[in-house]
Number of protein chains: 2
Amino acid sequence: MQKLNVGIFIFDDVEVLDFAGPFEVFSRTRLMPGIESRRNADSAPFNVFTVARSIELVRCTGGLRVQPHVDFASAPGIDVLVIPGGFGTRQLFDDVDVRDWIRQMAARAQLTTSVCTGALLLARAGLLSHRRATTHWGALDLLATIDQTTTVERQRRVVQDVVFTSAGVAAGIDMALDVVESLYGRAVADETAKYIEFPRGQQFVA
Amino acid sequence: MQKLNVGIFIFDDVEVLDFAGPFEVFSRTRLMPGIESRRNADSAPFNVFTVARSIELVRCTGGLRVQPHVDFASAPGIDVLVIPGGFGTRQLFDDVDVRDWIRQMAARAQLTTSVCTGALLLARAGLLSHRRATTHWGALDLLATIDQTTTVERQRRVVQDVVFTSAGVAAGIDMALDVVESLYGRAVADETAKYIEFPRGQQFVA
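Described in the following lines is the structure provided in the data block. Everything numeric in this text was worked out from a predicted model, so none of it was measured.

1. Remarks on the interface of chain B and chain A
So, step 1. Opposite the 34 residues of chain B that make contact, chain A presents 34 residues.
So, step 2. Residue assignment for the side of chain B that touches chain A shows that the elements contributing at least two residues are helix 1 (16–28), strand 2 (46–52) and strand 4 (65–66) of chain B.
So, step 3. A total of 8 residues in the side of chain B that touches chain A trace back to one element, the largest contributor, which is helix 1 of chain B.
So, step 4. A breakdown of the residues in the side of chain B that touches chain A according to their chemical character gives 19 nonpolar, 9 polar and 6 charged.

2. Structural notes on the pairing of strand 1 (residues 4–9) of chain A
Residues and elements named next belong to chain A.
So, step 1. Within strand 1, 5 of the 6 residues are buried, which leaves it mostly tucked inside the rest of the structure.
So, step 2. Where strand 1 lies against strand 2 (residues 46–52), 6 bridges are found, and the strand directions are parallel. If you follow Leu4 over to strand 2, its bridge partner there is Phe46.
So, step 3. Following the backbone out of strand 1, through helix 1 (residues 16–28) and into the adjacent parallel strand 2, one traces a crossover that is right-handed.
So, step 4. As judged from the 3 bridges shared by strand 1 and strand 6 (residues 80–83), these two strands associate in the parallel manner. What sits directly across from Val6, in strand 6, is Val80.

3. Some thoughts on the relation of the copies chain B and chain A
So, step 1. Expressed as a screw transformation, the operator carrying chain B onto chain A has a rotation angle of 180 degrees and an axial translation of 0.0 Å, and the superposed copies differ by an RMSD of 0.0 Å. Put plainly, the chains are arranged around a two-fold axis. Judged by C-alpha distance, B:Val66 is the residue of chain B that lies nearest the rotation axis, at 2.3 Å.
So, step 2. By residue overlap, the copies meet face to face through one surface: 100% of the interface positions of chain B are interface positions in chain A.

Conventions we followed
Residues numbered from 1 in each chain as written. Chains lettered and ligands numbered in written order. Predicted model: local features only at pLDDT ≥ 70, side-chain atom pairs only at ≥ 80, totals over all residues. Contact = placed C-beta atoms within 7 Å. Helix = DSSP H or I, 4+ residues; strand = E, 2+ residues; numbered from the N terminus. Nonpolar A, V, L, I, M, F, W, Y, C, P; charged D, E, K, R; others polar. Buried ≥ 20, exposed ≤ 12 C-beta atoms within 10 Å, placed from the backbone. Pairing = 2+ DSSP bridges. Right-handed = clockwise from strand over helix to strand, strands pointing away. Least-squares fit on C-alpha atoms with pLDDT ≥ 70 in both.

That is the geometry; function is a separate question.
Shown next, in the form of structure tokens:
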């Protein structure tokens, strides 16, 4: 089975659950339901890895330390690109290398996604022009100012346009499950939600 | 302000969201509500760190690589002990060092908690004798066999006895929020849930 490469961008002061939620969903999805199928990768449709600008340890918000799998230079082709958020996004607003990398990866990816304030980086890269999108409730107004052609949706956990964006932090889990559903159908997404005991399909809570 | 030390045990093949969910909740809790208070640790009631048997990189389920903050020997006192689950728990069932360490930390902690199959390790350490407890839905029967004096609760996301145990994976987020509520009140827990946009208070979904 040809697996899709899921590349999750991480950086200093990335919010932990922003990337760990999608990492969990994509790495535990199985086309074969149940507990046993999770013991190996035979029916896993995704190959999931973290990507950072360099291979040095990343210090996440709260201090969690993660060793990236690959850097920009060594990353394989990415089919599903995940851009998480966190306070660290602010340092990347004017970072041309990161902006170019996101733009290049998004151009080649089958699907580009963001969690929380990761949407601000997508907007800075021009990827939300004339798109509907969302972000963390504390950044909705900021998102609207970056690209005035973006329609900011304030009442949804996940917005599915050409790019999938999600509301804050835990909503990234909903987003990842929606990606699974769009690629492999509702039964696979619901069964993955059951495996990780995530209450899928809740309304907006913020 | 005196912060409580939250020590989260990690090990090879720990389930990512099992430890990342509580890490997110405890590290982002603030006694002062809002976005700005999250920019520093002034009103943070917890000091959160990961603990492993040794300081080597931990390879989590799905391949996420995490650098532990401290090892067993160098860990500071732990006020809130978190034991996550994952397939890696099976390798630790008969590990006397891990069992003794859990028992010692739990004896000194203000509160001991588990996520998912972390409850199996607590049971092996004798900490669930004559207690009510839960675990991932796929391990409920196994939990009942480890210590026959444990009352296994099959319909709750979090069971609050002397030890707090939770159902699988994402239910660890509920558990951590319940700990916050038990220590700092409902308003602080609900505001933290709002910050991370987690739909608190859902019923059992598995």
